[in-house]
Amino acid sequence: MSFINNFKEGARIIYARMQTKVFWVNLAKVAVPFFLIVTIVSLLVSSSSAIFSGDFKTVVKDNFADDKWQDFFAYKIFFSFIYAFYITSMKMK
């Protein structure tokens, strides 16, 4: 089979899986923990000294104030969804 035929067949399979409730439940099971872990690690990397010293006002100012929260969470939500979609697509039979 050619690459195009393989791609079309794979797209049909993934589309059929997406039509089931089980797919979206499994996606959520992967996406939510991944999102939480990425968020916690990101906060620890960017503001570890402020977190460990208990200076949460600095953490809020550096990461969430002045609409920074939108960028902070947007990338994490996007990548969590993409990662969960990929993992769920590959693991479901």
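Everything in this summary refers to the structure shown in the same document. (Residues numbered from 1 in each chain as written. Predicted model: local features only at pLDDT ≥ 70, side-chain atom pairs only at ≥ 80, totals over all residues. Heavy atoms only, no water.)

## Thoughts on the nonpolar core
Filter applied, for reference: Here, the term nonpolar core denotes a set of buried Ala, Val, Leu, Ile, Met, Phe, Trp, Tyr and Cys residues that are joined through side-chain atoms within 4.5 Å. The classification of residues rests on relative accessible area computed with a 1.4 Å probe and restricted to protein chains. Under 20% of the type maximum is buried, over 50% is exposed, and intermediate values are partly exposed. A helix here means a DSSP run of H or I that spans at least four residues, while a strand means a run of E at least two residues long, and both kinds are numbered starting from the N terminus. Between two residues, a contact is recorded if the distance between any of their heavy atoms is within 4.5 Å.
Among the nonpolar cores identified, the biggest contains five residues, and these are F23, L27, A31, A84 and M92. When residues in this core are grouped by element, the largest group, three residues, is from helix α2 (residues 21–53). Apart from residues lying up to four places away in sequence, A84 is in contact with L27, V30 and A31.

## Brief notes about the packing of α2 against helix α4 (residues 68–91)
We count it as follows: Lines are fitted to the C-alpha atoms to define the axes, a helix being fitted only along its stretch in contact, and any angle between axes, read from their N-to-C directions, falls within 0 to 180 degrees. Orientation is classified from the angle alone, with under 35 degrees giving roughly parallel, over 145 giving roughly antiparallel, 65 to 115 giving roughly perpendicular, and any other angle giving oblique. Crossing handedness is defined as follows: a turn of the near helix away from the far one that is anticlockwise and smaller than a right angle gives a left-handed crossing, while the clockwise case is right-handed. Each residue gets one label: Ala, Val, Leu, Ile, Met, Phe, Trp, Tyr, Cys and Pro are nonpolar, Asp, Glu, Lys and Arg are charged, and the others, such as Gly, are polar.
Where α2 meets α4, the closest approach of the two axes is 8 Å, and the angle between their N-to-C directions is 140 degrees. Classified by the angle between their axes, α2 and α4 sit oblique to one another. The chirality of how α2 crosses α4 is right-handed. Of the residues belonging to the contact of α2 with α4, the class tally is 18 nonpolar, six polar and one charged.

Fair warning: the whole summary comes from geometry, so function is off the table for now.
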